[in-house]
Amino acid sequence: MKTTSNKMALIPKVYCSLFGHEYQVTKNVTSHVKEYTCKNCKKELTTDSNGNLTELTPTFREINVILERVYNSKTERLKEKAINSTTIYQHV
Ligand SMILES: [Zn+2]
């Protein structure tokens, strides 16, 4: 199965090497870290800890899963805080 998809991706890869990749955001991991996939060759990128784009390796995929979990629990806490502060401001 993998061999077939590689052959299929051969033409888009040539296209990408000529015109560049067309990355689309496929996942927002955190507000800074995103996952991208090329529309043509399906090459995947992600944002590393320095804010640079890097190839989405299985290691980065695992890191992103953890990051997303941490980020979601943080934003939920922030939302609670936001609700509390709104209540305070209403009294002022
Ligand atoms: Zn591409």
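The rules behind each value
- Residues numbered from 1 in each chain as written.
- Predicted model: local features only at pLDDT ≥ 70, side-chain atom pairs only at ≥ 80, totals over all residues.
- Helix = DSSP H or I, 4+ residues; strand = E, 2+ residues; numbered from the N terminus.
- Buried ≥ 20, exposed ≤ 12 C-beta atoms within 10 Å, placed from the backbone.
- Contact = placed C-beta atoms within 7 Å.
- Pairing = 2+ DSSP bridges.
- Axes fitted to C-alpha atoms, helices over the stretch in contact; angles between N-to-C directions.
- pLDDT = per-residue confidence, 0-100.

This next bit is on the overall build of the chain. Helix and strand counts for the chain stand at three helices and four strands. Each helix and strand of the chain, placed in order from N terminus to C terminus, yields the pattern α-α-β-β-β-β-α. Split into buried and exposed, the 92 residues of the chain put 8% on the buried side. Considering only intrachain contacts with a sequence separation of at least 6, the fraction spanning at least 24 residues in the chain is 28%.

Following the sequence through the fold, Ser31 ends up in the loop between strand 1 (23-28) and strand 2 (34-38). In the structure, Ser31 is positioned 37 residues away from Glu68 in sequence and 9.8 Å away in space, judged by C-alpha atoms.

Here we have four strands laid out as an open sheet, ordered 1-2-3-4, and antiparallel in their pairing. Two strands close off the open sheet at either side, each with one partner strand: strand 1 and strand 4 (53-55). The average undirected angle you get between the axes of adjacent strands in this sheet is 35°. Pairing geometry for strand 2 and strand 3 (residues 44-47), over three bridges, is antiparallel. Looking at strand 3, one finds that Glu35 is bridged to Thr46.

Another aspect to go through is the pairing of strand 2. Here five bridges tie strand 1 to strand 2, and the two strands are oriented antiparallel to one another. Bridge pairing in strand 2 links Lys27 to Glu35. Counted between consecutive antiparallel strands, the loop separating strand 1 from strand 2 contains five residues.

Leaving glycine aside, a negative phi is the common case for residues, and trans is the common case for peptide bonds. Of note, the phi angle at Lys42 is positive, near 65°, even though the residue is not glycine. Considering the arrangement of structural elements, one finds Lys42 in the loop between strand 2 and strand 3.

Inspection of the secondary structure puts His21 in the loop between helix 2 (10-19) and strand 1. For the pair His21 and Lys43, spaced 22 residues apart in sequence, the C-alpha separation works out to 8.3 Å. Leaving out residues up to four positions away in the same chain, His21 has contacts with Cys16, Cys38, Asn40, Cys41 and Lys43.

A low pLDDT means the predicted coordinates there should not be read in detail. Averaged over every residue, the pLDDT of the chain is 84; the share at 70 or more is 78%. Highest mean pLDDT in the chain belongs to strand 3 (97); lowest belongs to helix 1 (residues 2-8) (52).

It is worth spelling out the environment of Thr26 at this point. Among the structural elements, Thr26 can be located in strand 1. Among the residues examined, Thr26 registers 13 C-beta atoms within 10 Å and is labelled partly exposed. Between the C-alpha atoms of Thr26 and Leu45, which are 19 residues apart in sequence, the distance is 9.8 Å. Filtering out sequence-adjacent residues up to four positions away, Thr26 remains in contact with Glu35, Tyr36 and Thr37.

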